[in-house]
Amino acid sequence: MSADEAAPDATGAALTAAEREPVGPAGSAARTAPAEPTTSGERPVGTPRPGRRALSRRLTAEIWIVLGLSLGRSGVYAVVSLVASLTAGPPLASQSTALNQSQSPRPLLDLTYQLLSIAFALVPVALALYLLSANGRSAVRRLGLDARRPWQDLAVGVGLAAAIGIPGLGLYAAGRALGITVQVQASALNAAWWTVPVLVFSAVQNALLEEVVAVGYLSERLRELRWRGPLVVAASALLRGSYHLYQGWGPFVGNAVMGVVFAEYYRRRRRVMPLVVAHAVMDMVVFIGYALVPEHWRTALGLS
């Protein structure tokens, strides 16, 4: 074949290539630029890192969102509830509140509601852990929520439960005597075969929510915002006290003191698991003990 006969084929190939690669205004082929390489899979090379102020604003907004979905919201409602109690007319000592209330007279439907309530209350815990693991590091290990030291965590947790729980009962009794604490019914569930297991689940749920969010998550984020240690402890303690205000001033003080002890322990040890154990043990003793104590005993003790 001659060169003249080969020319149309070559020209056709060139035209086909040109059709695949459109020509830009400068006459050169406008090829699609390849994606910029990344260093760690988080952002393209050359993208400027956000400034310190931008990071602080983002962390502050994140904290408000997490608290607004969980314990911060409970704190606001508790303040409103306390104001309502103080302005209702009768003194606080003559008023009462109930925990773990039945939500239906039908046992199986009540059980369904109880389990759903416990499950959805743990969503903020999952959110806090997810946000703390954004850089690829395990949030469970970061907070010391793992099972690396089961016996040590259990021993410390039981010790903390005794050290906090026993004086806490005395403070509750003193608050009732002084008229600054409402009567708290620790369990208002209808008697059923699932009552005790649900109370155990409720105690564990309370422990995870409060210790992971109010201690672990909040402490980590405030440290990243460069808060000093005592301020971090104070913020955690005041948050814990705030969402117990619906029970009166006595539980506010008692839980704030507990918050100082727990937040300081976390600041020194960097483990939240003993705090979860301690909180769960205290709630189990109160919830299950209240449910199992005969009604006439509770009446004689002024507990119902």
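Quick note: structure is the one above.
The structure presented is a predicted model; accordingly, all values stated were derived computationally and were not measured.

S.K.: When you look at the overall build of the protein in this model, what are you seeing that I'm missing?
M.R.: The helix and strand inventory of the protein stands at twelve helices and two strands. Along the chain direction, N to C, the helices and strands of the protein fall in the order α-α-α-β-α-α-α-α-β-α-α-α-α-α. Expressed as a percentage of its 304 residues, the buried residues of the protein come to 37%. Once local pairs closer than 6 in sequence are excluded, the contacts in the protein between residues at least 24 apart make up 74%. Accessible area of the protein: about 17600 Å², with a carbon and sulfur share of 65%.

S.K.: What's the story with the packing of helix α8 (residues 195-224) against helix α11 (residues 273-292) in this structure? I'm lost.
M.R.: Axes are the key here: two packed helices are described by the angle between their axes and the distance separating the axes. With their axes 8 Å apart at the nearest point, α8 and α11 run at an angle of 145° to one another. Between α8 and α11 lies a crossing whose hand is right-handed. Between α8 and α11, the contacting residues are Val-196, Leu-199, Val-200, Ser-202, Ala-203, Val-204, Asn-206, Ala-207, Leu-208, Glu-210, Glu-211 and Val-215 on the first element and Leu-275, Val-276, His-279, Ala-280, Asp-283, Met-284, Phe-287, Ile-288 and Ala-291 on the second. The residue makeup of the contact of α8 with α11, split by class, is 15 nonpolar, three polar and three charged.

S.K.: Would you explain a nonpolar patch on the surface in this entry?
M.R.: Together, Tyr-113, Leu-116, Phe-120 and Val-123 give the surface a local cluster of nonpolar side chains, amounting to about 410 Å² of exposed area. Sort the elements by how many residues they give to the nonpolar patch and helix α4 (residues 107-121) lands first, with three residues. Tracing the backbone shows Phe-120 in helix α4.

S.K.: Help me understand the side chain of Asp-146, please; the structure alone is not making it clear to me.
M.R.: In this fold, Asp-146 is placed in the loop between α6 (139-143) and α7 (150-178). According to the relative accessible area criterion, Asp-146 is buried, its value standing at 10%. Here the side chain of Asp-146 touches Arg-148 through a polar contact of 2.8 Å, side chain to side chain. Reaching out from Asp-146, the side chain makes a polar contact with the side chain of Arg-271 at a distance of 3.0 Å.

S.K.: Would you mind going over the environment of Gly-168 with me for this structure?
M.R.: When you line up the elements, Gly-168 lands in helix α7. Of the residues examined, Gly-168 reaches a relative accessible area of 33% and is grouped as partly exposed. Considering only alpha carbons, one finds Gly-168 and Met-258, 90 residues apart in sequence, at a separation of 8.8 Å.

S.K.: Before we go on, may I ask you to explain the side chain of Gln-95 in this structure?
M.R.: Among the secondary structure elements, Gln-95 is positioned in the loop between α3 (71-86) and β1 (96-98). Of the residues examined, Gln-95 reaches a relative accessible area of 14% and is grouped as buried. In contact with Gln-95, other than residues within four places in its own chain, are Ser-85, Ala-88, Pro-90, Arg-176, Val-182 and Gln-183.

S.K.: Just checking my understanding: could you explain the packing of aromatic side chains for this structure?
M.R.: How two aromatic rings sit relative to each other is given by the distance of their centres and the angle of their planes. For the structure shown, the criterion picks out one aromatic pair. Measuring from ring centre to ring centre gives 6.4 Å for Trp-249 and Phe-252, while their planes differ by 90°; the resulting arrangement is edge-to-face. One end of the pair is Trp-249 and the other is Phe-252, both in helix α10 (residues 249-269) and three residues apart, which spans about a single turn. According to the relative accessible area criterion, Trp-249 is partly exposed, its value standing at 39%.

S.K.: Help me out: how do you make sense of the pattern of salt bridges in this one?
M.R.: Pairing is possible between side chains that carry opposite charge, provided their charged atoms lie close to one another. With the rule as written, the count across this model stands at 13 salt bridges. For Arg-271, the salt bridge is made with Asp-146, and the minimal N-O distance between the two is 3.0 Å. Here Asp-146 lies in the loop between α6 and α7 and Arg-271 lies in the loop between α10 and α11, a separation of 125 residues in the sequence. Measuring nitrogen to oxygen at the nearest pair gives 2.9 Å for the salt bridge that ties Arg-221 to Glu-224. With Arg-221 and Glu-224 both in helix α8, this residue pair falls three residues apart, about one helical turn. By sharing partners, the salt bridges in this structure join Glu-62, Arg-142, Glu-220, Arg-221, Arg-223, Glu-224 and Arg-270 into a single network.

S.K.: Whenever I open this one, the nonpolar core confuses me. Can you help?
M.R.: The nonpolar side chains of a soluble globular protein tend to be buried with one another. In terms of nonpolar packing, the biggest core is built from 40 residues, with Phe-262 and Leu-275 touching the most fellow members. Elements that contribute at least two residues to this core include exactly α2 (52-68), α5 (123-132), α6, α7, α8, α9 (229-242), α10 and α11. Sort the elements by how many residues they give to this core and α8 lands first, with nine residues. The contact partners of Phe-262, leaving out residues within four places of it in the chain, are Leu-160, Ile-164, Glu-211, Val-215, Arg-240, Leu-275, Ala-278 and Met-282.

Procedures and definitions
Residues numbered from 1 in each chain as written. Predicted model: local features only at pLDDT ≥ 70, side-chain atom pairs only at ≥ 80, totals over all residues. Heavy atoms only, no water. Helix = DSSP H or I, 4+ residues; strand = E, 2+ residues; numbered from the N terminus. Buried < 20%, exposed > 50% of the residue type's maximum accessible area, 1.4 Å probe, protein only. Contact = heavy atoms within 4.5 Å. Areas by Shrake-Rupley, 256 points an atom, 1.4 Å probe, with all protein chains shown as cover. Axes fitted to C-alpha atoms, helices over the stretch in contact; angles between N-to-C directions. Left-handed = near helix turned anticlockwise from the far one by under 90°. Nonpolar A, V, L, I, M, F, W, Y, C, P; charged D, E, K, R; others polar. Patch = residues over 30% accessible without salt bridge, like charges linked within 9 Å, V, L, I, M, F, W, Y side chains within 5 Å. Salt bridge = Lys/Arg side-chain N within 4 Å of Asp/Glu carboxyl O. Polar contact = N/O pair within 3.5 Å; in protein donor to acceptor, adjacent residues only side chain to side chain. Phe/Tyr/Trp six-rings, centres within 6.5 Å; stacked < 30°, edge-to-face > 60°. Core = buried A, V, L, I, M, F, W, Y, C linked by side-chain atoms within 4.5 Å.

Interpretation note: all reported values are geometric properties and have no functional meaning in isolation.
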